[in-house]
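Here is what each chain is made of, one letter per residue.
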Amino acid sequence: MILNGPNLNNLGKREPEIYGKDTLSDIIEYTKEETKSLGVEIEAYQSNHEGEIIDLLYRARDEKFDGVVINAAAYSHYSIAIRDAIASVEIPCVEVHLSNIHARDEFRHKSVISAVCVGMISGFGKLVYP
Ligand code: DHK
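Thresholds, definitions, all that
- Residues numbered from 1 in each chain as written.
- Predicted model: local features only at pLDDT ≥ 70, side-chain atom pairs only at ≥ 80, totals over all residues.
- Heavy atoms only, no water.
- Helix = DSSP H or I, 4+ residues; strand = E, 2+ residues; numbered from the N terminus.
- Rg over C-alpha atoms; globule rule 2.2 N^0.38 Å.
- Buried < 20%, exposed > 50% of the residue type's maximum accessible area, 1.4 Å probe, protein only.
- Contact = heavy atoms within 4.5 Å.
- Near = heavy atom within 4 Å.
- Polar contact = N/O pair within 3.5 Å; in protein donor to acceptor, adjacent residues only side chain to side chain.
- Areas by Shrake-Rupley, 256 points an atom, 1.4 Å probe, with all protein chains shown as cover.
- 1 Å grid on protein atoms, 1.4 Å probe; cavity = no way out; pocket = protein on both sides within 12 Å on 5 of 7 lines; lining within 4 Å.
- Sits in = over half its atoms within 2 Å of the grid points.
- Nonpolar A, V, L, I, M, F, W, Y, C, P; charged D, E, K, R; others polar.
- Salt bridge = Lys/Arg side-chain N within 4 Å of Asp/Glu carboxyl O.

A.B. asks: Tell me about the overall build of the protein, and name the residues and values.
C.D. replies: Each helix and strand in the protein was counted, giving 4 helices and 5 strands. Listing every helix and strand of the protein by position from the N terminus yields β-α-α-β-α-β-α-β-β. Here the protein has a C-alpha radius of gyration of 14 Å; the compact-globule value for 130 residues is 14 Å, and the two agree. Projected onto the principal axes, the alpha-carbon positions of the protein cover approximately 40 × 35 × 25 Å. Scored against the burial criterion, the 130 residues of the protein give a buried share of 42%. Pairs at least 24 residues apart make up 75% of the contacts formed inside the protein by residues separated by at least 6 positions.

Pasting the structure below:
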């Protein structure tokens, strides 16, 4: 499962100098293309709502997804609720960010979900997804 958080529905228009010119659909298509040879099935979701992201994490658990790639966007920096859901689903989750969060505002340097994810990739634009 690929899970995208708030404002990522606006990629393409949103601060393209930071997030790139691709739309979220472009990025999902690119990710599917890049991972074709692995034979993985991808389901991608985006939500601007914290609770919906949590519900999707439980769905990934209930439907036995092998893993989750999550860009929790701004929620990465403060959502203890998403952190707790990741910790409780016991599915490997990989945290991704299009931009390099450590090269930006200080409030973005900290991610509260990193400690419960298996790893984090940040700063390589759409390359972080596949
Ligand atoms: C996306 C966001 O929306 C920001 O709130 C994060 C992340 C960074 C990204 O780079 O993909 O700070």
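Anyway, onward from the coordinates.
A.B. asks: If you had to explain the site of the ligand to someone new, which residues and values would you point to?
C.D. replies: Surrounding the ligand, one finds Arg14, Tyr19, Asn71, Ala73, Ala74, His77, His97, Leu98, Ser99, Ile101, Arg104 and Arg108. For the ligand, an oxygen atom lies 2.8 Å from a polar atom in the backbone of Leu98. Against a free-state accessible area of 310 Å², the protein chains account for coverage of 99% of the ligand. Judged by its atoms lying within 2 Å of the grid points, the ligand is housed in the second largest pocket. Of the residues in the shell around the ligand, the class split is 5 nonpolar, 4 polar and 3 charged.

A.B. asks: Account for the pattern of salt bridges, with residues named and values stated.
C.D. replies: Scanning all chains against the criterion turns up 7 salt bridges. In this structure, Glu43 engages Arg59 in a salt bridge whose closest nitrogen and oxygen atoms are separated by 3.9 Å. In this pair, Glu43 sits in the loop between α2 (24-34) and β2 (44-46) while Arg59 sits in helix α3 (residues 50-62), placing the two residues 16 residues apart along the sequence. Arg59 sits in the partly exposed class, given a relative accessible area of 33%. Between Asp84 and Arg83 there is a salt bridge whose closest N-O contact spans 3.3 Å.

A.B. asks: Got a sec to walk through the environment of Ser37? Specific residues and values, please.
C.D. replies: Position of Ser37 among the secondary structure elements: in the loop between α2 and β2. A relative accessible area of 72% places Ser37 in the exposed class. Remark: the alpha-carbon pair of Ser37 and Val89, spanning 52 residues in sequence, is separated by 28 Å.

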